[in-house]
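This is what each chain is made of:
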Amino acid sequence: MKKFLLILIFTFGFINNIQSQKDYSKDVENLLKKMTLEEKIGQMNQYNGFYDATGPSPSGGDAKKKYDNLKNGLVGSMLNVRGVNEVRAFQKIAVEETRLGIPLIFGFDLIHGYKTIAPIPLAESASWDLNEIQNSASLGAKEASAAGINWTFAPMVDISRDARWGRVMEGAGEDPFLGSLVAAARVKGFQGNDLSSPSTVAACAKHFAAYGFVESGRDYNTVDIGLSTLHNIVLPPFKAAVDAGVKTFMNGFTELNGIPVTADSYLQREILKKQWGFKGFIVSDWGSLREMMDHGYAKNRKHAGELALNGGSDMDMESTIYIEELSNLINEGKINIEQIDDAVRRILLVKFELGLFDDPYRYCDLVREKKITGSKEIMDGALEMAKKSIVLLKNNKKLLPLKKNGQKIALIGPLAADKNSPLGNWRVAADNNTAVSVLEGLSHYTGNEITHSQGIRLVNKIPDGFHEEVQINNTDKTGILEAKEVAKKADVVIMVLGEYGFQSGEGRSRANLDLPGFQQELLEEIHKVNSNIVLVLMNGRPLTLDWSSQNIPAIIESWHLGTQSGHAISQVIYGDYNPSGKLPMSFPRSVGQIPIYYNHKSTGRPGADGEDAGSVFWSHYQDEKNTALYPFGFGLSYTSFEYSNIKLSKNTLMKKNDELTASIKLTNTGKLKGKEVVQLYIRDKFASSTRPVKELKGFKMIDLNPGETKNISFKINSKMLEYYSPRNIWESEIGDFELFIGTNSSTERKASFELKSLN
Ligand code: BGC
């Protein structure tokens, strides 16, 4: 019986494997042969949902034109169509009314959960927990696919060093190593092992490339970076996504070194499709073909189509340029049919792999939609992810965790009872006000007396006409007095401050990174009457917290944690979860330090003793330190950890595959069980192109009981020392290296070794 079971498991596993790796090239070719030029171009055309497909069809205007195109097989994909009924209705037109019946692929911004919202991606990255991140993506895929979606425009893998840029909330932070691992985890989570399963969706690595380097952090702004930064910092997470099997890419709105990325053939054709062997397709960003005219790169729409296709863009999102111009361009000999065929092949392949040709309605099961949406499994996963995403920034005199009984708590701040902001930005399918607020979360603990006062009110605003936004009032501060009265009577004050949910995200750049509105004033006023404050921050990006870091005894960075926010925060406040998150982005002391990131280069004048060099002529500010307030990798626990005894098994790597072991002793010196993310950094002391002062090269998550010690080790080999060199290849160079192991990127605990030979 056992043997039979084993055979069954193997056979099933094998078949499964074959299914997921099935070669569809013949199916694709056969279909391609049947297609007219118009139908081919149609596959490259993507529309936003332009009418309610369960109601009457459009009778005039632009919608009618789009509807006619849809019926004529001139649409390959739709975005923002969601819910089984809607998706099925559109799919039915494509499958039953067009000549060839080619199914549509339905794209959606599944950025951090569908209806059940997980923490914003930046927060998830703060967990450094790749399994949990993968699981979070896979639960998101499960819920979205049950609502008819089969393609997500995620993960966003843009590295950014600029917290002014609102879209840092969508990414994994500033580091290419962590960013690459997170990118791969998210791709695997979305796509699973079998893309044709109705519970998985095709992923999309975006925005190719370098969107995170917009000048001055202003969204959509110019990007101008060197080849070294492009290859060493920007591209690795994209490559990791390709290696993890990502099915699609999205380019972007920005230009890179003078060329809009939508038309950048070096990026799209040379690197992605040729060097990396990417077989999937590239979708443009929303209207980014059209925007090339504003960039001053395309002279008119037709020219934009020519540039985009020659540059390697396969699908046009919402510019309607491909559908209108590509056949003219063919006639004029400006583009050729091979380019069209290549794009269409790529699009059809993903559709085959999703199983859409076997059953175009495989994502359209009403019973499943009902069962999966908001299910316990998905809710539990969101809570687990939320707890792990929290970073403890400060905890003086062990103010946290709070006692569960007999305390008078003042809960103050505009975000304390807010059920909308914790959902963050990019949560299109979530219902408003569905997050558990901090007030609700704390109310589950009944031993303390909580008095709530907003201090500063929230107001409703609908600035972009499509999100219901709650914003922090910045005209009325009369509530501060009442809040002070409440604070006076309390043993401890919990203040929930930060950014409202839509204050970060696309188009939400900020020139100031302090607590918006009157919140800083509120904080300081409360501090005057009761300084026993736990500051809970909700925000989508690093903030400047200099005053708080000096005056507030306990600070919890909770980001925008999603649906389960209040439960996760309360469990941390009361010690039912011991925080273990680490910052994926440096927190500046002031905006003037930006861009600030741990893996910077050394200048020729680094200062003899760093900050205290004393003289004028070294690389520093007159009025600010050089260091971050909270560096990359920083995060505390309710217990304490001690690092000691850093050791190398040897000090030289003698040949290419040689390896040494670096180890360190880690002891839990506190009274609670805790988890520490042990981080390994390496510095290449000199090279044919200058190298950063430190680069993350590994990390391990270690659970320790009080008093327990573990020996933590990392293997070091020459592969880990490679970088994109001035010879335009990835290589390691012989020479001296320093290796650091510690609790965050500022660690100075180090050992030295030499890479002696590569033969
Ligand atoms: C964003 C993309 C997004 C697309 C579709 C654009 O504005 O830049 O990241 O996927 O819209 O919603």
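Parameters at a glance
- Residues numbered from 1 in each chain as written.
- Predicted model: local features only at pLDDT ≥ 70, side-chain atom pairs only at ≥ 80, totals over all residues.
- Heavy atoms only, no water.
- Pairing = 2+ DSSP bridges.
- Helix = DSSP H or I, 4+ residues; strand = E, 2+ residues; numbered from the N terminus.
- Axes fitted to C-alpha atoms, helices over the stretch in contact; angles between N-to-C directions.
- Parallel < 35°, antiparallel > 145°, perpendicular 65-115°, else oblique.
- Left-handed = near helix turned anticlockwise from the far one by under 90°.
- Contact = heavy atoms within 4.5 Å.
- Domains from an automatic or database assignment.
- Buried area = accessible area lost by both parts, 1.4 Å probe.
- Salt bridge = Lys/Arg side-chain N within 4 Å of Asp/Glu carboxyl O.
- Nonpolar A, V, L, I, M, F, W, Y, C, P; charged D, E, K, R; others polar.
- 1 Å grid on protein atoms, 1.4 Å probe; cavity = no way out; pocket = protein on both sides within 12 Å on 5 of 7 lines; lining within 4 Å.
- Points joined across faces, edges and corners; volume = space filled by probe spheres on them.
- Buried < 20%, exposed > 50% of the residue type's maximum accessible area, 1.4 Å probe, protein only.
- Near = heavy atom within 4 Å.
- Polar contact = N/O pair within 3.5 Å; in protein donor to acceptor, adjacent residues only side chain to side chain.
- Lys, Arg positive; Asp, Glu negative; His and termini not counted.

A. Representation of the sheet that holds strand E19 (residues 641-648) in the model. Judged by pairing direction, the sheet is antiparallel, and its 3 strands sit side by side in the order E19-E21-E24 without closing on themselves. This sheet does not close on itself; its edge strands, each paired only once, are E19 and strand E24 (709-717). Across this sheet, the average inter-strand angle for adjacent strands is 20 degrees, counted without regard to direction.

B. Region of the structure containing the packing of helix H16 (residues 376-389) against helix H21 (residues 565-573). Running from N to C, H16 and H21 cross one another at 45 degrees; their axes reach a closest spacing of 9 Å. Of the possible angle classes, the one that applies to H16 and H21 is oblique. For H16 against H21, the interelement crossing comes out right-handed. Counting all contacts with H16, which are made through Leu383, Ala386 and Lys387, the residues of H21 involved are His567, Ala568 and Gln571.

C. Quick look at the domain arrangement of the chain. For the chain, the domain assignment lists domain 1 (2-369), domain 2 (390-593) and domain 3 (641-755). The distance between the C-alpha centroids of domain 1 and domain 2 comes to 35 Å. Listed as interface residues are 38 residues of domain 1 and, on the opposing side, 34 residues of domain 2. Here domain 1 meets domain 2 over a buried area of about 2700 Å², counting both sides, of which 61% is carbon and sulfur. By the criterion of area lost to domain 2, the three top residues of domain 1 are Ile117, Ala163 and Arg164, representing 21% of everything that side buries. Our enumeration of links across domain 1 and domain 2 arrives at 2 salt bridges. Between lysine 115 and aspartate 431 there is a salt bridge, and its shortest N-O distance comes to 3.7 Å. The leading source of residues in the side of domain 1 that touches domain 2 is helix H6 (residues 121-126), at 4 residues. Residues that form the side of domain 1 that touches domain 2 fall into these classes: 20 nonpolar, 7 polar and 11 charged.

D. Spotlight on empty space enclosed by the protein. Here the structure, examined in full by the defined rule, presents 7 cavities of 30 Å³ or more. One number sums up the size of the largest cavity: a volume of about 140 Å³. Lining the largest cavity are 17 residues, and of these Gly113, Ala118, Ser136, Ala137 and Gly140 lie nearest its centre. Elements that contribute at least two residues to the lining of the largest cavity include exactly helix H7 (130-146), helix H8 (176-191) and H16. When the residues that make up the lining of the largest cavity are grouped by side-chain class, the tally is 9 nonpolar, 6 polar and 2 charged.

E. How the structure looks around the layout of surface pockets. Here the largest pocket defines a volume of roughly 1300 Å³. In terms of lining, the largest pocket is formed by 43 residues, of which the most central are Tyr598, His600, Asn626, Thr627 and Val693. Residues of the lining of the largest pocket, tallied by class, amount to 15 nonpolar, 15 polar and 13 charged. Summarising the domain contributions, the lining of the largest pocket has at least three residues from each of domain 1 (2-369) and domain 3 (641-755).

F. Seen up close, the pattern of salt bridges. What the rule picks out here adds up to 46 salt bridges. A salt bridge links arginine 346 to aspartate 342, with the shortest nitrogen-to-oxygen separation between them at 3.1 Å. Taken as a pair, arginine 346 and aspartate 342 lie in helix H14 (residues 337-353) at a separation of 4 residues, close to a single helical turn. Residue class for arginine 346 comes out buried when judged on its relative accessible area of 11%.

G. Main features of the environment of aspartate 129. If you trace the backbone, aspartate 129 turns up in the loop between H6 and H7. A relative accessible area of 10% means that aspartate 129 is categorised as buried. Taking the C-alpha atoms as reference points, aspartate 129 and proline 726, separated by 597 residues in sequence, lie 34 Å from one another.

H. The site of the ligand, seen in detail. Residues in close proximity to the ligand total 13 residues, the closest being Asp109, Arg167, His207, Asp285 and Glu506. In this structure, lysine 206 approaches the ligand through a side-chain N or O atom, which is 2.8 Å from an oxygen atom. Contact between the ligand and histidine 207: an oxygen atom at 2.7 Å from a side-chain N or O atom of the residue. Looking at the shell around the ligand residue by residue, the class counts come to 7 nonpolar, 1 polar and 5 charged.

I. Representation of the side chain of aspartate 285 in the model. With respect to the element layout, aspartate 285 can be found in the loop between strand E9 (281-283) and helix H11 (288-294). Buried and unpaired, aspartate 285 has arginine 167 as its nearest opposite-charge partner, separated by 4.6 Å. With near-sequence residues (within four places) excluded, aspartate 285 lies in contact with His207, Met250, Asn251, Gly252, Phe253 and Met317.

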